[in-house]
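Descriptive structure summary
Below, each chain spelled out in residue letters.
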Amino acid sequence: MTRSAHPDPPTTGTVFADVVLPLALARTYTYRVPEEFVGQLRAGQRVEVQFSRNKHYAGIIRRLHGKDPGFKTKPIISVIDVNPLLTERQLELWEWMADYYCCTLGEVMTAGLPSHLKMASETIITLGPMFSDDITELNEDEYLIVEALTLQSELSLKDIRDILQRKTVYPVIRGLLDRHVIFPKEEFSDRYKPLEVKCVRFGPKYRTEAEQISAFDLVSRSEKQTAVLLEYMDTSRKQPYVRRADLSKRTGASDAVIKAMVKKEIFEFYDREISRIDATEASAEAGALSREQEEALGDVRRIHASGKPALINGVTGSGKTRVYLELMEEAIAKGGQVLYLLPEIALTGQITKRLQRVLGDKILVYHSRLNNMERVEIWKAVLSGEKSVVGPRSALFLPFTNLGLVVVDEEHDPSYKQHDPNPRYNGRDVAMYLAHQHGAQAILGSATPSLESWENTRSDKYGLIVMRERYGGVALPEISIANSRETDEKGMHHPFFTPTLIDNIRATIERGEQVILFQNRRGFAPVYFCPTCEWSVQCVNCDVSLTYHKYQHRLRCHCCGYVTSPPEQCPACGEVQLKLSGTGTEKIEDELKIFLPEARIARMDLDTTRGKNALGKLLQQFEVGELDILVGTQMVTKGLDFDRVGLVGVISADQLLRFPDFRADERAFQLMLQVAGRAGRRERQGKVIIQAHEESHPVLTDVLAADYDNFIQREADNRRAHAFPPYRKMIRIQLRHTRRPTAEEGAKLMGKWLTYALGDLVEGPFEPSIARLRTYYLQDIVLRLPPHPAELKRVKSIIQRASDKLSTTKGLTNVRVVVDVDPY
Ligand code: ADP
Ligand code: ZN
Ligand code: ZN
């Protein structure tokens, strides 16, 4: 294995530096290293360079060499970092990504560096909030900048160049940034406040057991108070705090009853901060491993010893996290770093807390709510080789120096794939490359592994471990189907709630348990149309109908964000009675309120979780029992781990199964089983009700039996038979232009060239199902190739040449070509 140190730079003659710039340039740019910098420079350092006429950028030195490129080179203007900011391995990883995902190094750099570490002429800086007016520590240049900032509050790097009256400003800026005197402008994130809940405990006179028993005498004349006291004693044995609301709910006693007991000084009220972990959770890492966990751990070690990644296929609640934790502790004890990847949204859950409880400050959480300064601090901590990280796919880009273990949790999750912009990478797959690079061990886990990973166990690239039982003998939920055509006693049929589902929701809430309802579409109604002439409101930028959002009374495009008011009448025929069709989460929530006016319902989707803390607050409210029902999109299927979810409902399985995509079945199966996994924890078997028209769909049969093996085998056969991934490599080439004829012409030419070189590996060009997106007309060409590295390489270079040729073809120069390798 290669060491990660950067190679030594040349020491004689003129030295040149190949520099990566944060731009979509095909390659690195070569600059001359002025005399005075020779000896100071290494690969991985940032330097200030000029690009185009008067733009300055912080670029990264890729390599230093003595090979004159033969054109007039510009000099490096200044050196920003004293020590390399990036390791050799990271630069290699960037190159591998650019290569594999057919994009430029600059695009990988843009994705891979926290914005604080990227500086360009347009960067705006402001005075840091902590700057204390202590100017004694500033040198003259620094003082000038700070003074200007107190007058003007923000400056661009260009302004600063003017103030200092010279070109070289980046080192001064870096010095100020490092000392937190200035900040690149950003919105400071408002901090997350833990929720407080109203709790009840014994008053000071009732602290001993004997005193508590005597309290029963005091309430003996009130049946209700006795019930409350009993319930309190019972609950307080199971958990460290008793919520006031729970107490009245479970006993049916009004709040006045509890208040009366407070007056008698039996109880007192207090506010408790609820951390997202409670006492039952605390035992998770103290308890002994179950036999299944022991076996899994042993198997993982054996697989790792043979140098392979391990895939754990374990049902939700089987205790996979505990197995990862054992391995993480081991890796860290050996002095290695760990990278634990999770889908972004699962990071808000309990897993990160669990990891931190065991690993303390050895593990850092890299999530999207961090501000830029915190990102840079994590960067530095990781570079020092000391810290491990849990984070979403972007955590891959951190400068690990001695990675010992990589964990990819929920490895099937499509959010590991970056769709837009370049690099269009899959975090799971890059993580495997990263592990390989470092010689680190790798473990992937899921209750529903992707076909890709399952196939890798088939071909013996990965070792497979199966965990079939929930930890502690907790029962898996009972899954059943409710036919969407079902009617109630009066023969009434409701478009999205079957009587079975409604009855079960009621019963669950009455037991004091919670309900999760899954509907994979947000908003109120996805189509706003005219019943007379069938005209419907379309986005002005995209080829999709606008979704009606009732709360704001607005129509919104879910592709580009375009918003408009609903029209009063049909512009085509003048009809004034326009109609809505389709169902989103907002409508489900709305209708549910009619059936269950008393229930406390909340919605979890992109619309309700936009604010920085909105998601955390919502989860906390649900967790402390301030909500009965959570209606949500696929967000609710991930990593929610609550004790009191008695029922999970899937509003429409048909909608999931009808999706026009070769992964639709796999996705539907995963979503349904994942959301089902949220039901039923410790005490009681949970229930899952799936509403469907097509009851006998084979995917539903597998979901009902929770039969992953059967599902995946059939899925594998189908994909193989129809030559889809993972049995073929897929590359999608999308051509985009604001004029349809130009997009079509570009696509036709491109298609012709590719077909000439690749024959029937090429499909298309064709118009994708959404034919226009964000004002661009789209044309797709899809390649499906035998999955051999050499073939892939050959094809990619053909694509590159065709795309270069198109960019110099008259009239088509600004047709955008977007290449997506392993598209989702
Ligand atoms: P998974 O990650 O497979 O969904 P978890 O690791 O979250 O499963 O475990 C499910 C539940 O079982 C959690 O509530 C956890 O606290 C508990 N648990 C798992 N392993 C142990 C153990 N060895 N001792 C005590 N509790 C455990
Ligand atoms: Zn749009
Ligand atoms: Zn009309």
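Cut-offs applied
- Residues numbered from 1 in each chain as written.
- Chains lettered and ligands numbered in written order.
- Predicted model: local features only at pLDDT ≥ 70, side-chain atom pairs only at ≥ 80, totals over all residues.
- Heavy atoms only, no water.
- Donors = N, O, S within 2.8 Å, 3.2 Å for Na, K, Ca; no water.
- Tetrahedral: all angles 85-135°; square planar, octahedral: opposite > 155°, others 65-115°.
- Helix = DSSP H or I, 4+ residues; strand = E, 2+ residues; numbered from the N terminus.
- Buried < 20%, exposed > 50% of the residue type's maximum accessible area, 1.4 Å probe, protein only.
- Contact = heavy atoms within 4.5 Å.
- pLDDT = per-residue confidence, 0-100.
- Near = heavy atom within 4 Å.
- Polar contact = N/O pair within 3.5 Å; in protein donor to acceptor, adjacent residues only side chain to side chain.
- Areas by Shrake-Rupley, 256 points an atom, 1.4 Å probe, with all protein chains shown as cover.
- Nonpolar A, V, L, I, M, F, W, Y, C, P; charged D, E, K, R; others polar.
- Salt bridge = Lys/Arg side-chain N within 4 Å of Asp/Glu carboxyl O.
- Phe/Tyr/Trp six-rings, centres within 6.5 Å; stacked < 30°, edge-to-face > 60°.
- Lys NZ or Arg CZ within 6 Å of the ring centre and 35° of its normal.
- Pairing = 2+ DSSP bridges.
- Axes fitted to C-alpha atoms, helices over the stretch in contact; angles between N-to-C directions.
- Core = buried A, V, L, I, M, F, W, Y, C linked by side-chain atoms within 4.5 Å.
- Parallel < 35°, antiparallel > 145°, perpendicular 65-115°, else oblique.
- Left-handed = near helix turned anticlockwise from the far one by under 90°.

**Some words on the coordination of the zinc ion (ligand 2)**
In the first shell of the zinc ion (ligand 2), the protein supplies Cys 539 (SG), Cys 542 (SG), Cys 557 (SG) and Cys 560 (SG), at 2.2 to 2.3 Å from the metal. One can describe the site at the zinc ion (ligand 2) as tetrahedral: its 4 donor atoms subtend angles covering 103 to 115° at the metal. On the primary sequence, the residues serving as donors to the zinc ion (ligand 2) are separated as C-x2-C-x14-C-x2-C. Within this pair, whereas Cys 542 is found in the loop between β21 (527–529) and β22 (547–549), its partner Cys 560 is found in the loop between β23 (554–556) and β24 (563–564), the two being separated by 18 residues in sequence.

**A closer look at helix α16 (residues 451–458)**
Counting buried positions over the 8 residues of α16 gives 7, a clear majority of the element. Listed as buried for α16 are Leu 451, Glu 452, Ser 453, Trp 454, Glu 455, Asn 456 and Thr 457. Next to the buried residues of α16 lie β12 (310–314), α15 (427–438), β17 (441–446), β18 (463–467), α21 (664–676) and α23 (708–721). Positive backbone phi, at 70°, marks Asp 460, one or two positions downstream of α16.

**So, the confidence of the model for the protein chain**
Summary statistics for the protein chain give a mean pLDDT of 88 and a share of 95% for residues scoring 70 or more. A low-confidence stretch, residues 187–192 (pLDDT under 50), is modelled with 18 contacts involving residues beyond four sequence positions or located in other chains. Within the model, pLDDT remains below 50 along residues 276–280, and this stretch shows 17 contacts once partners closer than five positions in the same chain are excluded.

**Some remarks on the site of ligand 1**
Not every one of the 17 residues close to ligand 1 is listed here, only the nearest: Gln 293, Gly 317, Lys 320, Thr 321 and Arg 322. Interatomic distance of 2.9 Å between a backbone N/O atom of Ala 288 and a nitrogen atom of ligand 1. Separating an oxygen atom of ligand 1 from a backbone N or O atom of Ser 318 is a distance of 3.3 Å. Considering ligand 1 on its own, with 550 Å² of exposed area, one finds that the protein chains cover 89% of that surface. At 3 residues, the largest contribution of residues to the shell around ligand 1 is made by helix α12 (residues 320–333). Class assignment of the residues belonging to the shell around ligand 1 gives a composition of 5 nonpolar, 8 polar and 4 charged.

**Brief notes about the pattern of salt bridges**
A full pass over the atoms with the stated rule returns 43 salt bridges. The residue Asp 820 makes a salt bridge to Lys 417 at a minimum N-O spacing of 2.7 Å. Pair noted here: Asp 820 is in strand β34 (residues 816–821) and Lys 417 is in the loop between β16 (403–409) and α15, with a separation of 403 residues, a long-range link. Grouping residues by exposure puts Asp 820 and Lys 417 together as buried. With its nearest N and O atoms 3.1 Å apart, the salt bridge here joins Asp 605 to Arg 603. Considered together, Asp 605 and Arg 603 belong to a single accessibility category, that of buried residues. Connected via shared salt-bridge partners are Arg 62, Arg 63, Glu 88 and Glu 95.

**Examining the packing of aromatic side chains**
By convention here, two paired aromatic rings are described through the distance between centres and the angle between planes. For the structure shown, the criterion picks out 17 aromatic pairs. Centre to centre, the rings of Trp 96 and Tyr 101 are 6.3 Å apart; their planes meet at 85°, and the pair counts as edge-to-face. Between the aromatic rings of Phe 496 and Phe 497, the centroid separation amounts to 5.8 Å while the plane-to-plane angle is 75°, which identifies the pairing as edge-to-face. Like Phe 497, Phe 496 is buried. In this structure an aromatic cluster arises from ring pairing among Trp 96, Tyr 100, Tyr 101 and Tyr 433. One cation-aromatic arrangement involves Arg 27 over Tyr 29; the distance from NZ or CZ to the ring centre is 4.7 Å. Over the aromatic face of Tyr 100 sits the side chain of Lys 796, whose NZ or CZ is 4.2 Å from the ring centroid.

**Some words on the sheet that holds strand β14 (residues 363–365)**
Sheet architecture is open: 7 strands sit in the order β14-β15-β13-β16-β17-β12-β18, paired in parallel fashion. Strands at the two margins of the open sheet, each flanked by one partner only, are β14 and β18. Recorded for the sheet is a direction-independent mean angle of 15° between the axes of neighbouring strands. Pairing between β14 and strand β15 (residues 388–391): 3 bridges, direction parallel.

**A look at the nonpolar core**
Nonpolar side chains in soluble globular proteins tend to end up buried together. Counting 72 residues, the largest nonpolar core has Trp 94, Ile 731, Leu 754 and Leu 783 as its most contacted members. Contacts of Leu 783, omitting those with residues within four sequence positions, involve Lys 729, Met 730, Ile 731, Ile 733, Leu 758, Leu 761, Val 762, Val 795 and Ile 799. Counting 43 residues, the second-largest nonpolar core is a separate cluster that includes Ile 345, Val 645, Val 648 and Val 675.

**Considerations on the packing of helix α11 (residues 291–305) against α12**
At a minimum axis separation of 10 Å, α11 and α12 run at an interaxial angle of 45°. The orientation of α11 with respect to α12, classified from their angle, is oblique. Classified by chirality, the crossing of α12 by α11 is right-handed. Together, Gln 293, Ala 296, Leu 297, Val 300 and Arg 301 of α11 and Arg 322, Val 323, Glu 326, Leu 327 and Glu 330 of α12 make up the contact between the two elements. Each residue belonging to the contact of α11 with α12 can be placed in one class, and the counts come to 5 nonpolar, 1 polar and 4 charged.

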